[in-house]
Amino acid sequence: MSKFEFYPEFYRGKRVFVTGHTGFKGAWLCRILKNAGAIVTGYSTEPPTDPSLFALSDGATGMRSVIGDIRDFDRLYTVFKEAAPEVVLHLAAQPIVRESYRAPAYTYETNVMGTVNILECVRLTDTVRSFLNVTTDKVYENKEWEWGYRENEPLDGFDPYSNSKSCSELVTHSYKSSFFADGRTAISTARAGNVIGGGDFAADRIIPDCVRAAMKGEDIVVRNPYSTRPYQHVLEPLFAYLMIAARQYEDGAYAGYYNVGPDDADCFATGRLVDVFTSKWGEGLTWINRSDNGPHEANFLKLDCSKLKSTFGWQPTWDLSHAIEKVVEWTKVYAAGGDVAAVMDKQIAEFIGK
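K.L.:
Is there a simple way to explain the pairing of strand β6 (residues 186-192) in this structure?
P.N.:
The two faces of a sheet get side chains in turn, since along a regular strand they alternate between them. Burial of β6 is extensive: 7 of the 7 residues sit out of reach of the surface. Alternating residues of β6 divide into Ala 186, Ser 188, Ala 190 and Ala 192 and Ile 187, Thr 189 and Arg 191, and every residue in both groups is buried. Relative to β6, strand β5 (residues 130-134) runs parallel, the two being bridged by 5 bridges. Paired with Val 134 across the bridge in β6 is Ala 190.

Printed below as a string of structure tokens:
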């Protein structure tokens, strides 16, 4: 049984509501859904970066794109009722650890009350059959141990971003037990590792930092080359999200809490990740180790994805080396003023083997 057998047949003609659609992951997700023939409504603030993948790929074409704040319940609910979605994918978030130290209240308002707001929309609407809240591998209480965290480990993120996503998980658990125990809507969360891919222009992320330095012909500055993270191409978790949402739509027994990460071999120290990037980019690109004495970030983090694998027969598709090749491919097309949307479509087709 292929892990992609649900795509595109399941999503063709389905009404899908995506929060955070103007972000990096949201732009890729909406591209996948539109290619599948879904009827997509996106709700998000303006793209968080300039340039943005959403704008570069003409993301608003072929969908209803609504600019709004997830904290504004009245606006969100109005758009939600009009869309009458069958599937809801909740990606809206303040996703940067360092930004959460600078703006903790905004981070909690967006990541916690934003989750409350979208779940209220689902509760008050009778069309939704499947809801997936996308959180992060950082929701776990990080004990800096060398084995992967499992879905039944304690949730207690350290920094405001990680902790707010732990709270988002708990909000989802409560709504699931309190309002959806009758099974009318299948509710799940997905805890993904660090994602990389073409079109990520965020600050304080290692691959965007590499890309910016490479395009300027400068050395890449690495803050902590020894921190280890579970890196994966952005298409890996996105197709996993779509798989979970589709399977639980068809059978509510699949609803639950899932880690989505790479195999152990692709849990890289940051310095090693940058080594691979520089080798794929070429042109004599190099990096330097320079700490900026920033706030606390975990040094070691890994996920155990046994549940996702055993439940759905899921396995990662691209190893990290191949994923970085795809980042470089996209970026060089972008740097040359080429058609980045066409590269996205090409990579999506390659990923699913079509």
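Continuing now.
K.L.:
Looking at this structure, I do not really get helix α6 (residues 160-179). What am I missing?
P.N.:
Side chains that are three or four residues apart share a direction in an α-helix, a result of its 3.6 residues per turn. Look at α6: 28 Å from first C-alpha to last across 20 residues, which is about the 28 Å you get at 1.5 Å a residue. When you tally the buried positions in α6, you get 14 out of 20 residues, the bulk of the element. Sitting at the head of α6, Asp 159 places a side-chain oxygen 3.1 Å from the backbone nitrogen of Tyr 161.

K.L.:
Help me understand the sheet that holds strand β1 (residues 15-19) in this model?
P.N.:
Two strands in a sheet stick together by hydrogen bonds in their backbones, pointing the same way (parallel) or opposite ways (antiparallel). Strand order across the open sheet formed by 7 strands is β3-β2-β1-β4-β5-β6-β10, with parallel pairing between neighbours. Each having just a single partner strand, β3 (64-67) and β10 (257-260) make up the two edges of the open sheet. Each strand of the sheet is rotated relative to its neighbour by a mean of 15°, with strand direction disregarded. By the bridge criterion, 5 bridges tie β1 to strand β2 (residues 39-44) in an arrangement that is parallel. Bridge assignment links Arg 15 to a residue of β2, and that residue is Ile 39. On top of the sheet, helix α1 (residues 24-36) reaches β1, β2, β4 (87-90), β5 and β6; it is set at about 170° to β1, its chief contact.

K.L.:
When you look at the environment of Pro 8 in this model, what are you seeing that I'm missing?
P.N.:
Here Pro 8 lies in the segment before β1. Of the residues examined, Pro 8 reaches a relative accessible area of 13% and is grouped as buried. The spatial distance from the C-alpha of Pro 8 to the C-alpha of Leu 33 is 8.1 Å, given a sequence separation of 25 residues.

K.L.:
Is there a simple way to explain the side chain of Thr 270 in this structure?
P.N.:
Note on placement: Thr 270 falls in helix α9 (residues 270-281). Apart from the residues lying within four places of it in its own chain, the contact partners of Thr 270 are Ile 206, Val 222, Asn 224, Pro 225, Ser 227 and Tyr 231.

K.L.:
I keep staring at the packing of helix α11 (residues 320-335) against helix α12 (residues 340-351) and nothing clicks. Help me out?
P.N.:
Each pair of packed helices can be described by the angle between their axes along with the distance between the axes. Two elements in contact, α11 and α12, have axes whose closest approach is 9 Å; the angle formed by their N-to-C orientations is 160°. When the interaxial angle is binned, α11 and α12 end up roughly antiparallel. Handedness of the crossing formed by α11 with α12: right-handed. Contacts between α11 and α12 involve Lys 326, Glu 329, Trp 330, Val 333 and Tyr 334 from the former and Val 340, Val 343, Met 344, Lys 346, Gln 347 and Glu 350 from the latter. Across the contact of α11 with α12, the residue classes tally to 6 nonpolar, 1 polar and 4 charged.

K.L.:
Is there a simple way to think about the pattern of salt bridges in this case?
P.N.:
Side-chain pairs of opposite charge can arise where the charged atoms are in close proximity. Throughout the structure, instances matching the rule amount to 24 salt bridges. Here Arg 191 ties to Glu 169 by a salt bridge, and the two come within 2.8 Å at their closest N and O atoms. Here Arg 191, found in strand β6, pairs with Glu 169, found in helix α6; they are 22 residues apart in sequence, far enough to count as distant. Here Arg 191 matches Glu 169 in class, with each residue buried. Put simply, Arg 205 and Asp 200 hold a salt bridge, and the shortest N to O gap is 3.2 Å. Classification of Arg 205 by relative accessible area gives partly exposed; the value is 24%.

K.L.:
Would you mind showing me how to read the nonpolar core here?
P.N.:
Proteins that are soluble and globular tend to have nonpolar side chains buried together. Counting residues in each nonpolar core, the largest one holds 61 residues, and the members touching the most others are Tyr 11, Trp 28, Leu 33, Leu 89 and Phe 239. Among the elements that take part in this core, helix α8 (residues 235-250) stands out by supplying 11 residues, more than any other. Apart from residues no more than four positions distant in its own chain, Trp 28 is found in contact with Leu 53, Gly 198, Val 234, Leu 235, Leu 238, Trp 330, Met 344, Gln 347 and Ile 348. Of all hydrophobic cores here, the second largest spans 23 residues; its members include Tyr 43, Val 88, Val 122 and Ile 187.

Conventions adopted
In this convention, every chain numbers its residues from 1, walking through the sequence in written order. In keeping with the model being predicted, local features are shown solely for residues with a pLDDT of at least 70 and side-chain atom pairs are shown and tallied solely at 80 or more, while totals for entire chains, interfaces and linings include all residues. Calculated side-chain values reflect all of the structure's heavy atoms, with hydrogen atoms and water omitted. For each residue, the accessible area found with a 1.4 Å probe, counting protein chains only, is set against the maximum for its type, and the residue is called buried under 20%, exposed over 50%, and partly exposed in between. In this description a helix means any DSSP run of H or I spanning at least four residues, a strand means any run of E spanning at least two, and both kinds are numbered starting from the N terminus. A pair of strands is treated as paired once DSSP finds two or more bridges between them. A helix is expected to span 1.5 Å for every residue after the first. Counting of polar contacts relies on pairs of N or O atoms within 3.5 Å, with two restrictions inside protein: one atom must be capable of donating a hydrogen and the other of accepting it, and residues adjacent in sequence are counted only when both atoms are side-chain atoms. The convention used is that axes are lines fitted to C-alpha atoms, helices contributing only their stretch in contact, and that angles between N-to-C directions extend from 0 to 180 degrees. Working rule for contacts: check all heavy atoms of both residues, and any pair within 4.5 Å makes them a contact. An angle counts as roughly parallel when it lies under 35 degrees, as roughly antiparallel when it exceeds 145, as roughly perpendicular when it falls between 65 and 115, and as oblique in every other case. Note on convention: the crossing is left-handed when the near helix lies turned anticlockwise from the far helix by less than a right angle, right-handed when the turn is clockwise. Put simply, Ala, Val, Leu, Ile, Met, Phe, Trp, Tyr, Cys and Pro go in the nonpolar bin, Asp, Glu, Lys and Arg in the charged bin, and everything else, Gly too, in the polar bin. Put simply, a salt bridge is a Lys or Arg side-chain nitrogen that is within 4 Å of an Asp or Glu carboxyl oxygen. Remark: nonpolar core denotes a set of buried residues (Ala, Val, Leu, Ile, Met, Phe, Trp, Tyr, Cys) joined through side-chain atoms within 4.5 Å.

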